[in-house]
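Each chain, written out:
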Amino acid sequence: MHLTFEELQTEVMIEKIRNHSLDLGIIVTPIDDLNIANHVLFYEPFNVYLSKGHPLLSQKSLDEKDLSSEDVLLLNEGHCFREQSLSLCRNKKKSGGDGSQFHL
């Protein structure tokens, strides 16, 4: 058995799985392709780091609705975690949050 490890952006990885040049990948879910089987391996917490003097620092805990895209340090375009972070902020601002808390 020959193993090769590559660091790829999500869309590239999905395309390689579709054309059978890659057998499997570890990506952030969900993915929008019903033809690719996926299984959750683990969940990671979303941590918040604030600079001294940031207005949110006075709170003991934060809800997702407290964050905006201006508050989030993001990866470059094309990385799925960037899109998920932006989506989290956009969706929670619209919906009012779901009660999930971030601890400082």
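To be clear, the structure that these remarks concern was listed above.
Our subject in this report is the structure included herewith.

Calculation notes
Residues numbered from 1 in each chain as written. Predicted model: local features only at pLDDT ≥ 70, side-chain atom pairs only at ≥ 80, totals over all residues. Heavy atoms only, no water. Helix = DSSP H or I, 4+ residues; strand = E, 2+ residues; numbered from the N terminus. Buried < 20%, exposed > 50% of the residue type's maximum accessible area, 1.4 Å probe, protein only. Areas by Shrake-Rupley, 256 points an atom, 1.4 Å probe, with all protein chains shown as cover. Core = buried A, V, L, I, M, F, W, Y, C linked by side-chain atoms within 4.5 Å. Contact = heavy atoms within 4.5 Å. Salt bridge = Lys/Arg side-chain N within 4 Å of Asp/Glu carboxyl O.

**Thoughts on the overall build of the protein**
Moving on, step 1. Tallying secondary structure elements over the protein gives two helices and two strands in all.
Moving on, step 2. N-terminal to C-terminal, the α/β element order of the protein is α-β-α-β.
Moving on, step 3. Buried positions account for 22% of the 104 residues belonging to the protein.
Moving on, step 4. Accessible area of the protein: about 8,600 Å², with a carbon and sulfur share of 53%.

**Quick look at the nonpolar core**
Moving on, step 1. Counting residues in hydrophobic clusters, the biggest one holds six residues: Met13, Ile14, Ile17, Leu22, Ile31 and Ile36.
Moving on, step 2. When neighbours within four sequence positions are excluded, Met13 is seen to be in contact with Leu8, Leu22, Gly25, Ile26 and Ile27.

**Structural notes on unusual backbone geometry**
Moving on, step 1. Positioned with a positive phi, His20 is a non-glycine residue whose angle comes to about 65°.
Moving on, step 2. Judged by its relative accessible area of 70%, His20 is exposed.

**A short note on the pattern of salt bridges**
Moving on, step 1. Going through the model one piece at a time under the given rule, you end up with three salt bridges.
Moving on, step 2. The residue Glu6 makes a salt bridge to Lys16 at a minimum N-O spacing of 3.5 Å. Of this pair, Glu6 sits in the segment before helix 1 (10-18) while Lys16 sits in helix 1, placing them 10 residues apart in sequence.
Moving on, step 3. The class of Glu6 is partly exposed, set by a relative accessible area of 46%.
Moving on, step 4. We classify Lys16 as partly exposed; its relative accessible area is 23%.
Moving on, step 5. The partner of Arg18 in a salt bridge is Glu15, with the nearest N and O atoms 3.4 Å apart. One end of the pair, Arg18, and the other, Glu15, are both in helix 1, three residues apart, so they sit about a helical turn from each other.

**Digging into the side chain of Asp33**
Moving on, step 1. By secondary structure assignment, the location of Asp33 is in the loop between helix 1 and strand 1 (61-63).
Moving on, step 2. Residue Asp33 is classed as buried on the basis of its relative accessible area, which comes to 11%.
Moving on, step 3. With residues near it in sequence (within four places) discarded, Asp33 still touches Ile14 and Arg18.

**Quick notes on the environment of Leu8**
Moving on, step 1. Its location among the elements puts Leu8 in the segment before helix 1.
Moving on, step 2. Judged by relative accessible area, which is 24%, Leu8 ranks as partly exposed.
Moving on, step 3. The residues contacting Leu8, other than those within four sequence positions of it, are Met13, Lys16 and Leu22.

**Focus on the environment of Asn38**
Moving on, step 1. Position of Asn38 relative to the elements: it lies in the loop between helix 1 and strand 1.
Moving on, step 2. Taking relative accessible area as the criterion, Asn38 reaches 42% and is therefore assigned partly exposed.
Moving on, step 3. Through-space distance from the C-alpha of Asn38 to that of Ile26 is 9.3 Å; in sequence the pair is 12 residues apart.
Moving on, step 4. Not counting residues up to four positions away in its chain, the partners in contact with Asn38 are Thr29 and Ile31.

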